Amino acid sequence: MLRRYFADLLIFLALATMVFAWYRSSLNAYTPSGLVKDVSLKTELKLEACRNAIAHVTNFAESAGALGAEQIFETQQIGVYVYYKDSVVFWNNSSWQPGKVETDFTDSAGLAKLANGYFLYARKSLADTTRIAMCMLKPAFELENKYLSNCFSDWLQIPDGVNIVYPASGSNDVMVAGKSCFSIKPSEEVLHQQETDDTNLTIFILGFLLVLTGLLLRIKRNNNSVFLVITIVALIALRAIMLVFHQPAFIYRSSFFDPRVFGNAASFMNGFLGDVLLNAISLLYITATLYFFARRNSQIKHKFIMALLPAMLSLFIFLQFNRVLVSLVNNSTFNFNFLSILNIKPTVAVALAAIGLLALALFAAVNTFWIIIKEEKTGKYVYWTFLLIMLLTGWMLSPVFLESAWIVPFGAIVYFFTGRGPNHFSLALGLEVLLLSIVTSSFLNSYIEKNQALDFEILTQRLGERQDQILESEYRAIPKKLVADENLKNLFEFLPESAKEIQQILRQKYFNGYFDRYKMEFSVFDKNCQALLVADDPVLLNEGYFDDRIQHYSTPLADGLFFVKDYQQNTQYLIKLDMGRFRLFARVEARQFEEAGSFPELFLDRSLQTQEKLRNLSYAVYRSGQNTSRYGEFNYPYFLSDSATLSRSSPDYAHFYYEPEPSTQVIISRNKLNWAYFFTFNSYLLLFFSVLTYLCYLVYASVFTSLFQTSSLTRRIQAIIIALLLLAMSAVGIISGRQVTAQFEAENRK
């Protein structure tokens, strides 16, 4: 009885699952008023935790109190500071720079804007001792990238696209200790958490799979051609509506529909990664319905006419497979380097799953075509002619013959091994998986190589650029601070006796941090053009040198900052600032090898950072034949070598030479891709596609056939052993990856 209505129950459960995902998405909506209420409640709870932290540290001189305070920071991310008068005498962390009691922590509770960001704090004073407990609401970095983010702290659970306004603006104010503390400014009227949308999408896809499985069971049981056509037309119409109107809206807000991950504006069907996956599932369903119909109706008339539908479907899936595989490389930020397991992300697994499902759909479509025509006298000739048509069609659409030639061995597997019992069918699936891994590996590596050449060109232009955007950004705020520094102005009046003190202030207070990567040489001249600072280079004692270089050979950038265009050896800037009766000059030159061993990407904005797939490269920049900067593991020579000499000295590396501008050469190096790389790459793909195909086969054999019910004990044992083997191999890969990732993150935290 249950088996009779199993398909209907499955469809009902699937629809309920999809409705649940839809309902759950409606809860993932934050209006400004609702968000303010939620944030106010969480802020009050966190403020109470800050007060408890102050009460916990009753005696900062006791080691037990210090130990407890450190645990508070590790578990609750609450920093505790004890001030004696104006000096900090105790702190439980070194991550945050403490503020000043008199100016930053004026109330018993509130919000403080410090150098690190915005902090919620609680204060308790007793005589000359003040205790402060604070936690971060939102960082305030001047730039954002993959390392630095200005998102709200996780404990607030505020969606992306919300900014903070401090002091409170009177609109969307968050209440702290009974008064308006700060305001939040949403970028949209309704906000959503992408993580929640990702979960809802997963639930939706699960329901989508279940409803298609239930429909397949009904088609297999009833063998109703009208119902089959209705379900196929309905599915195509549903996908068309989803593509045109981007509904349901919550799935298009998920990371699988994020154009920063994958986006193909030239494709209507496969514009996003989620669309690629849903289309693959839909095509697999359509081919499965035709397969079941062909198996149940072997005596149908007009077989060649009936075979046109699976034939056209096979051609369509074949072309889609090639296009999607190429698009996943050309239009995404995926890193398919399986030898660097830390860089593999879940979206890569989703992309490969879509490829695997497309291959299974193609297998089912070609198999259906062969089932329909194989009993005819000319069936085998028609079959091989059809494979030749597919080959020629793919070749006309792609200039590379081998990108289409794989359909011939694919069709040969179907021809020789299907329709001869379960054992041959299983063997056909195994060979199909092996061929799929080889084809996918060839496609990926071929187009990765092609795209890498373009990536190298872009990277070369960036490396060859002598202007430093970070330095220019860091400089912009300095002139106003210098002019407003009364202490520095007073020291200028006592030149040349105060020369040492002036240089010390300039280097330590103004031109420090990122400027340490440059050699800074200062000069000061009075109204009589007399040099008042001692310089190692005599030309720096001549004001005419600076004026000539600025007027004829430089480009003005900011207030008093000039980039020297004709200096080919390295990056050079000149600075000219009026300091009352004096003129301050500086020559700024990049130090050689400053990038070696450094972490320059930490200081770059997200738009300027190196893509993840280029992180394992080494490179060197040569100007006028000398090595001026380098990065990576490869040890480049000081003087520029020709490619033959460099290749002989490092046979394990491949070197690429570029010349972005005259007298500037860039060498980009990477490890050579040998047979071990390709073998390992293909092995990972083979394991992944084996697991995917075996799971699909288990579903097919257990739900749509009686194979496991009537099979022998030996066959059941074989199936269990294969499942356990694939599970163990997958577990080893997943657990190893997690352990390496956890170890890497732990070392970074240290």
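The shown structure was predicted, so the numbers you read here are calculated from the model rather than taken from an experiment.

*Asks:* Sorry if this is basic, but what is going on with the pairing of strand 17 (residues 664-671) here?
*Replies:* Here is the key point about a regular strand: its side chains alternate between the two faces of the sheet. Of all 8 residues in strand 17, 7 are buried, a share of seventy percent or more. Bridging between strand 14 (residues 618-623) and strand 17 involves 6 bridges; their strand directions are antiparallel. Directly across from Ser618, in strand 17, lies its bridge partner Ser669.

*Asks:* Honestly, the environment of Leu137 in this entry has me stumped. Any pointers?
*Replies:* Tracing the backbone through its elements, the reader meets Leu137 in strand 5 (residues 129-139). Along the sequence, Leu137 and Leu120 sit 17 residues apart, while their C-alpha atoms lie 6.4 Å from each other. The residues contacting Leu137, other than those within four sequence positions of it, are Leu111, Tyr118, Phe119, Leu120, Phe152, Ser153, Trp155, Leu156 and Phe182.

*Asks:* Whenever I open this one, the pattern of salt bridges confuses me. Can you help?
*Replies:* Applying the stated criterion to the full structure yields 19 salt bridges. In this structure, Asp485 and Lys509 form a salt bridge, with 3.2 Å as the shortest nitrogen-oxygen distance. Taken together, the positions of Asp485 in the loop between helix 16 (478-484) and helix 17 (486-493) and Lys509 in helix 18 (residues 499-510) put the pair 24 residues apart, joining distant regions of the chain. A salt bridge links Arg583 to Glu543, with the shortest nitrogen-to-oxygen separation between them at 2.5 Å.

*Asks:* Can you walk me through unusual backbone geometry in this structure?
*Replies:* Across residues other than glycine, the phi torsion is negative in most instances, and most of the peptide bonds are trans. For the bond from Gln247 to Pro248, the omega torsion is -5°, close enough to zero to count as cis. Tracing the chain through its elements places Pro248 in the loop between helix 6 (225-245) and helix 7 (273-296). A cis amide bond links Leu495 to the next residue, Pro496, at an omega of 5°. Tracing the backbone through its elements, the reader meets Pro496 in the loop between helix 17 and helix 18. The phi angle at Lys85 is positive, at roughly 60°, despite the residue not being glycine. Tracing the backbone through its elements, the reader meets Lys85 in the loop between strand 1 (79-84) and strand 2 (87-91). Of the residues examined, Lys85 reaches a relative accessible area of 51% and is grouped as exposed. For Gln157, which is not a glycine, the phi torsion comes out positive at approximately 55°. Structurally, the position occupied by Gln157 is in the loop between strand 5 and strand 6 (162-165).

*Asks:* Explain helix 11 (residues 379-397) to me, please; I cannot follow it from the model alone.
*Replies:* The α-helix advances 3.6 residues per turn, and as a result positions three or four apart in sequence lie on the same side. Helix length check: helix 11 (19 residues) gives 27 Å between terminal C-alpha atoms against 27 Å at 1.5 Å per residue, within 8%. For helix 11, every residue scored as buried is listed here: Gly379, Tyr383, Phe386, Leu387, Met390, Leu391, Thr393 and Gly394. Relative to the axis of helix 11, the buried residues are bounded by an arc of 165° and lie together on one face. Exposed residues lying more than 90 degrees from the buried face of helix 11 are Tyr381 and Met396. Packing partners of the buried residues in helix 11 comprise helix 9 (308-330), helix 10 (346-373), helix 12 (402-405) and helix 13 (407-417).

The rules we used
Residues numbered from 1 in each chain as written. Predicted model: local features only at pLDDT ≥ 70, side-chain atom pairs only at ≥ 80, totals over all residues. Heavy atoms only, no water. Buried < 20%, exposed > 50% of the residue type's maximum accessible area, 1.4 Å probe, protein only. Helix = DSSP H or I, 4+ residues; strand = E, 2+ residues; numbered from the N terminus. Pairing = 2+ DSSP bridges. Contact = heavy atoms within 4.5 Å. Salt bridge = Lys/Arg side-chain N within 4 Å of Asp/Glu carboxyl O. Expected span 1.5 Å × (residues − 1). Arc of directions from axis to C-beta.

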